[in-house]
Number of protein chains: 4
Amino acid sequence: MSQYTLRIACSDEKGLVYKVTKILYQNQLNIEKNDEFVDAENNHFFMRTVFSGDVILQNIKEELLKILPENSHLELKEHHQKNVVILATKEHHCLSDLLVRNEYNDLDFNILAVIGNHDFLRPLVEKFGIPFHYISAENMSRESHEDLVNECLQQYNLDYLILAKYMRILTPEFIQDYNQKIINIHHSFLPAFIGANPYKQAYNRGVKIIGATAHFVTNDLDEGPIIYQDVIQVSHSKNAKEMAYAGKDVEKIVLAKALKLVFEERVFIFRNKTIIFE
Amino acid sequence: MSQYTLRIACSDEKGLVYKVTKILYQNQLNIEKNDEFVDAENNHFFMRTVFSGDVILQNIKEELLKILPENSHLELKEHHQKNVVILATKEHHCLSDLLVRNEYNDLDFNILAVIGNHDFLRPLVEKFGIPFHYISAENMSRESHEDLVNECLQQYNLDYLILAKYMRILTPEFIQDYNQKIINIHHSFLPAFIGANPYKQAYNRGVKIIGATAHFVTNDLDEGPIIYQDVIQVSHSKNAKEMAYAGKDVEKIVLAKALKLVFEERVFIFRNKTIIFE
Amino acid sequence: MSQYTLRIACSDEKGLVYKVTKILYQNQLNIEKNDEFVDAENNHFFMRTVFSGDVILQNIKEELLKILPENSHLELKEHHQKNVVILATKEHHCLSDLLVRNEYNDLDFNILAVIGNHDFLRPLVEKFGIPFHYISAENMSRESHEDLVNECLQQYNLDYLILAKYMRILTPEFIQDYNQKIINIHHSFLPAFIGANPYKQAYNRGVKIIGATAHFVTNDLDEGPIIYQDVIQVSHSKNAKEMAYAGKDVEKIVLAKALKLVFEERVFIFRNKTIIFE
Amino acid sequence: MSQYTLRIACSDEKGLVYKVTKILYQNQLNIEKNDEFVDAENNHFFMRTVFSGDVILQNIKEELLKILPENSHLELKEHHQKNVVILATKEHHCLSDLLVRNEYNDLDFNILAVIGNHDFLRPLVEKFGIPFHYISAENMSRESHEDLVNECLQQYNLDYLILAKYMRILTPEFIQDYNQKIINIHHSFLPAFIGANPYKQAYNRGVKIIGATAHFVTNDLDEGPIIYQDVIQVSHSKNAKEMAYAGKDVEKIVLAKALKLVFEERVFIFRNKTIIFE
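Residues numbered from 1 in each chain as written. Chains lettered and ligands numbered in written order. Predicted model: local features only at pLDDT ≥ 70, side-chain atom pairs only at ≥ 80, totals over all residues. Heavy atoms only, no water.

Draft legend 1. Here's a closer look at unusual backbone geometry. In the segment running from A:L190 into A:P191, the intervening peptide bond is cis, with an omega of 10°. Within the secondary structure layout, A:P191 lies in the loop between β9 (182-186) and α7 (198-205). With a phi angle near 60°, C:N139 is a residue other than glycine that sits in the positive phi range. Looking at the secondary structure, you find C:N139 in the loop between β7 (132-134) and α5 (142-153). Looking at C:N139, the relative accessible area reads 81%, which means it is exposed. (Helix = DSSP H or I, 4+ residues; strand = E, 2+ residues; numbered from the N terminus. Buried < 20%, exposed > 50% of the residue type's maximum accessible area, 1.4 Å probe, protein only.)

Draft legend 2. Region of interest: the packing of helix α3 (residues 93-103) of chain D against helix α8 (residues 240-263) of chain D. All names here are of chain D. At a closest axis distance of 9 Å, the pairing of α3 and α8 adopts a crossing angle of 45°. By the angle between their directions, the pair α3 and α8 is classed as oblique. The way α3 lies across α8 gives a crossing that is right-handed. Contact residues: H93, C94, D97, L98 and R101 in α3; K248, E251, K252, I253, L255, A256 and L259 in α8. Looking at side-chain class alone, the contact of α3 with α8 contains six nonpolar, one polar and five charged residues. (Axes fitted to C-alpha atoms, helices over the stretch in contact; angles between N-to-C directions. Parallel < 35°, antiparallel > 145°, perpendicular 65-115°, else oblique. Left-handed = near helix turned anticlockwise from the far one by under 90°. Contact = heavy atoms within 4.5 Å. Nonpolar A, V, L, I, M, F, W, Y, C, P; charged D, E, K, R; others polar.)

Draft legend 3. The interface of chain D and chain B, seen in detail. Between chain D and chain B, the residue contacts involve 34 residues of the former and 34 residues of the latter. Both sides of the chain D and chain B interface together cover about 2900 Å² of buried area, and 55% of this is carbon and sulfur. Broken down residue by residue, the surface that chain D buries against chain B is led by D:R205, D:K208 and D:H236, which jointly contribute 25%. Connecting chain D to chain B are two salt bridges. In this assembly, chain D and chain B are joined by 14 residue pairs in polar contact (both at pLDDT 80 or more). At the level of secondary structure, the elements contributing two or more residues to the side of chain D that touches chain B comprise β2 (30-39), α7 (198-205), β11 (226-233) and β13 (273-276) of chain D. The biggest single contributor to the side of chain D that touches chain B is β11(D), with seven residues. Here the side of chain D that touches chain B is built from residues that sort into 16 nonpolar, nine polar and nine charged. (Buried area = accessible area lost by both parts, 1.4 Å probe. Salt bridge = Lys/Arg side-chain N within 4 Å of Asp/Glu carboxyl O. Polar contact = N/O pair within 3.5 Å; in protein donor to acceptor, adjacent residues only side chain to side chain.)

Draft legend 4. Structural context of the UniProt feature "domain: ACT" (unreviewed entry) in chain A. Here the UniProt-annotated "domain: ACT" (unreviewed entry) positions come out as residues 5-89 of chain A. From the first C-alpha to the last, residues 5-89 of chain A spans 35 Å; its make-up is 26% helix and 46% strand. (UniProt positions renumbered as here; feature names shortened; annotations may be inferred.)

Draft legend 5. Looking closely at the sheet that holds strand β9 (residues 182-186) of chain B. Residue and element names in this part refer to chain B. Read across the open sheet, the seven strands follow the order β7-β6-β5-β8-β9-β10-β11; overall the sheet is mixed. Each end of this open sheet is capped by a strand with a single partner; those strands are β7 (132-134) and β11 (226-233). Geometrically, the sheet is characterised by an average inter-axis angle of 20° between neighbouring strands, direction not taken into account. Sheet analysis places strand β6 (residues 109-116) next to β7, joined by three bridges and oriented parallel. Considered in β7, the bridge of G116 is made with Y134. (Pairing = 2+ DSSP bridges.)

Draft legend 6. The arrangement of the relation of the copies chain D and chain B in detail. Aligned on chain B, chain D shows an RMSD of 0.0 Å; the corresponding rotation is 180° and the shift along the axis is 0.0 Å. One copy is carried onto the other by what is essentially a two-fold rotation axis. For chain D, the minimum C-alpha distance to the rotation axis belongs to D:A192 and amounts to 2.3 Å. Counting the interface residues of chain D, we find that 100% of their copies in chain B are interface residues as well, pointing to one common contact surface. (Least-squares fit on C-alpha atoms with pLDDT ≥ 70 in both.)

Next up, the structure:
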C-alpha cells in the first residue's frame, strides 16, 4: 500500500481540520501522522498529513481544493526519494558525510552528481561512483560560470540543489531559477557572523559558543529561511583555525539533519521563516 | 470567551480526528491548537485540542463518548490554574525557584502550602506569605509520618503534589492516594544513578555529563514516567560536591519546565512513559 | 591557613612558570591550582595560581615584580567575598535568582543594595532584607539620573555592579567610572540581535536557537568582553513573547554562572575578550 | 624544531611544578602549553607539558626522574601520528567517519587496517585503500576467534585498537594484551543502559535524552574509564529504531572527539576515571 504526504498552507478558518480529515475518511484513507499549526499573527494555517491507502491523487486534490480557501497552497505526493545535485568547492566534510549517507541509504535521497568549482574533491566523489563535474570559475564572470553550471544541471531532474560548503555567491537570477530548492550550510550561528570567515569573526569577538545554520537560499546572502541550527561551546584556548576544525562536525550534522527534515516534507516556507513538523 | 482543553487517549481506529473535529465544528468551536499521536506499537491514539467558544461541557463530552471507542480516556476542562502543595526537606533551590515563579505568576499554578520534614525552610516560605507546615519525621514510623502529612493535606484541594528535593521515600499506599499527581525531581539523568547520592555515584563513575530528571512518582523508586530531562557537561576537575552545586541549577530548571508542561495539560501518561505535546 | 589567588598577565617569555613557581616554592607556599595560557597571536601570558600558606603579600608581590617583564599586570589577594550592587528595572527573574543565592550563600558574594529605576521590585528585595533604592529616571537627562545613581553608590564599597535586566543605556562616563566592574546580562546570543527587543528580532528572523550572554560593559553597547553564553532550542510554534519567557531561565543561569567565574577570579580581560580558567 | 609532550602522574608534593619547569628552563626548552591537576582526594598530581626545542630525550627523562617522587609515571615523546587498527562489524557510520578523517588528515592518526567479523564493510574500506581483513567468528569459540584476530594484528605496530561498533564482547585475556589501548564507542549515555540494545532499553524506559559514550575498554563490560560523552534530546514520537538512527550521528562524533583527545595525549587514566587536559 502506498504512502502519501498531503501538505496544505492557507488562510486560517474554522473547521479546516474537520473538512480535510472528512475527505480522507470518506476515501477510506488511513492517517498515520497529522500535524497542524496556526500562525496566529498572520492568521495562516499549515497542515501536514501522512496517510496510506488506495487513492487517485487527482480526485483527492480536487475534493480538497473545493473545501479549502482560495489561494491555498496544496501538495499531495506519493512518497519518493529526493534527487539532488551537490555543489562544493574544496572542503570535503559536508560532502563526504552526504556521500556516505547516500551509499548506505541513511538519508532518503539520491545524489545525481557533484559539481565542483575546483577539481580537488573529484577523487572522493568518484570513490562512490557519483559523477563529478569540474566547472572552473577562473577567468570568467559570475554569470558565465553560472551559465555553465546551469547547462550542466539541465541533464539532471533534481528536487534540490545542496550547497555543501560551496564558496561562491550565487546571482539572484540563478537563485530564482531554483526558487526554494537551494539549501546551504553556513558556518555560523546565523544571524551572527554573516558573510566571509565567520570563524575568524567569532574568534575576534571572543564568543563562547559557535554554531552552524542550514537554510534555504534567497537573494539576501545568509538571510534565507532557517531550517536547522546547532552550536558547541568553545573557550579562549581555541584560535580561529581550531574553531573552524571543531565547527566542521557541527556543520555536517546540521546539514544532514536539515536535509532529513526537508526530504521528509516536514518543512514549510512561509515568508522568511520555516514551519517544521517534527 | 473561555478556553478549553480536550484530551483523548483511546485505541486507534480510522477517522478519529475527523469524528472529533466534526463535533467541535458542529458546535461552532474554534480550534486553537490540535495535536495527535499514534503509538503504533500499542495501536493507541492520543489527541489534545485547545479550543475556545461557548459550550456546555457535559453535552460535548456526551457527544464525544458516543463516537469514541470503548474504554476511551476523555478529559474536557475549562482552563484553570493548578493548585499544588510542595514537599521539601532542607535544600532550597527548587523550592525558592517555585516560590518566586508563584509570586510573579511565571508558572500557571498556585502554591497552597509547603510541608517540610525539617523546619529549616520556613523563613524562606513565609517571606512569600505561603503557609509552612513543619511535620517532623523523627521518632516515628514512615507510615505515622505520612498519616500526619496526609492529614495536613486534607485541608487543601490540590491538583498536584510537588516533591522539591523531598529526601524521603514514600510508601506505596501514600503514592496510591495521589495516583499520577506526584511529581519529583531526581538529581541524575535517570536511569543512571538511581537511589541515594547520585552525584557521588556520578563522580565515582567519572562521567563527563550530569543531569536531572523530573518524573511522576510510582511505586518503583525513580522508575516513574519521565517528563523532562536535561544535562550539563562536567570535567575531572569537579568533585562530588561541586557536581552537586552545578547540578542544582539543572534541577530547578528541569522541574520548572516539567511542571509547565504538566500544568498546560500537555502530558499524557501511558503505561510507564509520557507522551508530550509541545 | 589563608587562601590566596595570584593573577599575572604579561608579555610571554621563556621560564615564566618556572620563575613564578620558584618564588612560591621558596616561600613554602602550597599551590592548590595552577593554570596558564599563552595567547600565541599576541604573545601574551596569563597565569592564575591559588595557593595557601603563611605569607606577607607585599613581599611576594615585590619578589614577583622583580622577575616579571615590565608592564606586567599582577594581582595577589587573599580570598574575600565580593561586594556588589545590583541595578534592575522591572523584570525580576535575574534579580530574584541572585537574591536567593545571596540569602543561602550559594554564590560567593554579598549584595549590598539594589537600585531600581522603577519602584516595582522593592517588595521582592525587601523580603530578603536588602536595601532598595528607587531612583526614577523620569523627567531628567541620562546624565542627571546617573549622577543620582552615582551619588547613591558612594555609600557602598563595591567590587562589581551587576545589571540584572537594567533597561537603560549607560553613558561612557558612567562606564568609565566603573571600568571592568560592570557586568550585564543580554537576552540574546551575542553578537546576534544587538540592541532592543532581541526576542522580537529572533522571532522575526525565524531562528531555531535563542540564548543569553553575560559580558562586561564597555562603551560599545553589547560589545564588551563575553564571559558566558548559553542557548536553548526553539521552534516555529513559539512567538516572541513565548521565546522571551523561555529565555528568562537561560538569562538567569547564564548571569549566575558568569558571576561565579568572575567572583572566583577566574576571568582575565584582554583587549575585548576574556580568558577564563575553569 | 621538534615538539614534545611530557606527561607526569605521581603522588602530589610541594614544588612539583617548580622542579619540573626548572629542568625545562635550564635546558632552554620553550613551554607551549602547560596543565596541571591535583586529585585532592587521592593526593595525586598530573601534569602535561607541550614544549619545543633541541633536546636529548633520555637526558631530560633522567633529570626528571631524579626530582620526581618514587613510582612516578613519566612519559616524554616526540610528537608522532598514532597508528590504529579498527575492529568493526556491520554498521558503517563510525568507521566511514574515521576513514574519511584518515583520508583528509582531519585526525592525527593513521589507519593501518580494518578487521571485520563480517565481510560487509569491505567495499567501503577498500574504497579508501585500507587493508580489510575478514575474520569470521562463526562456528568457533570466542578464544579461537580472538586468536585469529591477534595473529592478524601481529603484523601491525599499533598504538590503539578502535572498536567502531564492534558487536562482540572481548575476553579479559585479549583486553589484557592491549591494556589501556582499546577504545570503544557505546551507544548510550553510560552508565545508563549497559549491555545489549541500549536504544531499545532507552525507548522502553521513555527517556527524553539519549547519548553515546567513548571509553577505554577494561574487563568490566561498559565500565571502563569514560573519555567523552554527548547527548541529544528525543521525544515520545521516536521509536527505538528512530532513536538508533538519531543516535548514530552522536556516536560517530563522540568517538572522533574522544580519539582526538587521546591522540593529542591529553587523556590520563587514573583508576577507573580519566583526567583530560583540554
